[in-house]
Amino acid sequence: MKTDPRSFVLDNTDLVSPPHVPEIRLHLASEAHDLWLKTEEDLQEIGLPPPYWAFAWAGGQGLARYVLDHPQTVAGRRVMDFASGSGLVAIAAKLAGAADVLAADIDPWAASAIGLNAVANGVVIRSTAEDQIGRAAEADVILAGDVFYDREFAAALIPWFARLAGEGKLVLVGDPGRSYFPKDRLEQLAVYQVSVTRALEDSEVKKTTVWRFAR
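Computed from a prediction, not measured in an experiment: that's the story for all the values here.

**Considerations on the overall build of the chain**
Reasoning step 1: When helices and strands are tallied, the chain shows seven helices and nine strands.
Reasoning step 2: On C-alpha atoms alone, the chain measures out to a radius of gyration of 16 Å, which is about the 17 Å that the 2.2 N^0.38 rule sets for 215 residues.
Reasoning step 3: Here the C-alpha coordinates of the chain stretch approximately 45 × 35 × 30 Å along the principal axes.
Reasoning step 4: Taking all 215 residues of the chain together, the buried fraction comes to 52%.
Reasoning step 5: Put simply, of all contacts in the chain between residues at least 6 apart along the chain, 67% involve residues at least 24 apart.
Reasoning step 6: Of the roughly 9900 Å² that the chain leaves accessible, carbon and sulfur atoms contribute 48%.
Reasoning step 7: Of note, the chain has its 21 positive side-chain charges centred 8 Å away from the centre of its 29 negative side-chain charges.

Rendered as structure tokens:
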């Protein structure tokens with residue numbers, strides 16, 4: 001890395017609450033930050049992958065809201081927040097009483113954001129940058145917000161999630177209608193209208209659904 005991730009996160013974000021999850025505070029970027037304006041070339045120059053961790057995506061906000069409103073989903077259980085990004089869903093799980101939470105994201109920069117956000121919310125969560133897809137999961141509950149945005153990624157996730165669900169694990173997904181979402185494989189649990197930033201999405205409010213993978 002060409003710059004210190006922790007310092008970069010602090011210098012390029014503000015500590016704010018996502019609109020749909022006001023109980024949680026995250027280090028997020030907005031139009032007021034240079035990070036918002038950086039091009040792909042700018043990011044490559046400083047060795048920074050696309051900073052998904054700097055934004056509260058609709059699927060993650062919806063899933064975090066569901067977990068906070070239904071703490072029995074995770075209370076006393078081992079949880080993995082897959083493709084964690086900012087750690088929003090992982091933090092929600094810990095606040096809802098999860099016994100252990102692993103925030104998994106292959107972006108090595110995400111670990112710094114997750115760590116800072118965990119401290120800001122007074123919780124302790126573990127993180128890993130190791131790719132989890134296809135692996136056995138020690139967790140009882142797998143949470144995934146906004147993961148079906150890419151065809152190849154979705155093709156890898158669907159059989160893995162289906163296998164985990166078949167093993168008796170609870171697999172919950174938050175999705176705002178992404179293109180590669182496998183709706184036929186899931187059971188709808190809740191629907192939210194989530195406010196988002198127009199620069200990231202095609203509207204200022206995204207209908208976001210929380211689903212459970214069927215066995």
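This is not the end of the story, as more comes after the structure.
**A look at the side chain of S86**
Reasoning step 1: Relative to the assigned elements, S86 resides in the loop between β3 (78-82) and α5 (88-95).
Reasoning step 2: A residue is classified by how much of its surface remains accessible, and S86, at 4% relative accessible area, is buried.

**Thoughts on the sheet that holds strand β6 (residues 141-145)**
Reasoning step 1: The strand order across the open sheet built from seven strands is β5-β4-β3-β6-β7-β9-β8, with neighbouring strands paired in mixed fashion. At either margin of the open sheet sits one strand with a lone partner, and together these are β5 (126-128) and β8 (186-195). With strand direction ignored, the average angle separating the axes of adjacent strands in the sheet is 20 degrees.
Reasoning step 2: Pairing of strand β7 (residues 170-175) with strand β9 (residues 205-213), which is carried by four bridges, proceeds in the antiparallel orientation. Note that in β9 the partner of D175 across the bridge is T209.
Reasoning step 3: Where α5 meets the sheet, its contacts fall on β3, β4 (100-104) and β6, and the angle it forms with β4 comes to roughly 180 degrees.
Reasoning step 4: Contacting β3, β6, β7 and β9, helix α7 (residues 151-166) crosses the sheet at an angle of about 170 degrees to β3.

**So, the nonpolar core**
Side chains of a nonpolar character, in soluble globular proteins, are inclined to be buried together.
Reasoning step 1: W53 and L143 are the most contacted members of the largest nonpolar core, which totals 49 residues.
Reasoning step 2: V147, W160, V173 and F181 belong to the second-largest nonpolar core, a separate cluster that totals 24 residues.

**Re the pairing of β3**
It is a general feature of regular strands that their side chains alternate between the two faces of the sheet.
Reasoning step 1: Along β3, four of the five residues are buried, which leaves the element largely enclosed by surrounding structure.
Reasoning step 2: Bridge count between β3 and β4: five bridges; the pairing is parallel. For R78, the partnering residue across the bridge sits in β4 and is D100.
Reasoning step 3: Handedness of the crossover is the feature at issue here: the chain leaves β3, passes through α5, returns alongside β4, and the resulting connection is right-handed.
Reasoning step 4: Where β3 and β6 come together, four bridges link them in parallel fashion. Counted as the bridge partner of F82 is A144 from β6.

**Comments concerning α7**
Reasoning step 1: The end-to-end C-alpha distance of α7, which contains 16 residues, comes to 23 Å, matching closely the 22 Å that a straight helix rising 1.5 Å per residue would cover.
Reasoning step 2: Those residues of α7 lying buried are A154, L157, I158, W160, F161, A162, L164 and A165.
Reasoning step 3: Taken together, the buried residues of α7 touch β3, β6, β7 and β9.
Reasoning step 4: A positive backbone phi angle near 95 degrees is found at G168, which sits one or two residues after α7.

**Re the environment of V196**
Reasoning step 1: In this fold, V196 is placed in the loop between β8 and β9.
Reasoning step 2: In the structure, V196 is positioned 177 residues away from P19 in sequence and 7.9 Å away in space, judged by C-alpha atoms.

The rules behind the values
Residues numbered from 1 in each chain as written. Predicted model: local features only at pLDDT ≥ 70, side-chain atom pairs only at ≥ 80, totals over all residues. Heavy atoms only, no water. Helix = DSSP H or I, 4+ residues; strand = E, 2+ residues; numbered from the N terminus. Rg over C-alpha atoms; globule rule 2.2 N^0.38 Å. Buried < 20%, exposed > 50% of the residue type's maximum accessible area, 1.4 Å probe, protein only. Contact = heavy atoms within 4.5 Å. Areas by Shrake-Rupley, 256 points an atom, 1.4 Å probe, with all protein chains shown as cover. Lys, Arg positive; Asp, Glu negative; His and termini not counted. Charge placed at Lys NZ, Arg CZ, Asp CG, Glu CD. Pairing = 2+ DSSP bridges. Axes fitted to C-alpha atoms, helices over the stretch in contact; angles between N-to-C directions. Core = buried A, V, L, I, M, F, W, Y, C linked by side-chain atoms within 4.5 Å. Right-handed = clockwise from strand over helix to strand, strands pointing away. Expected span 1.5 Å × (residues − 1).

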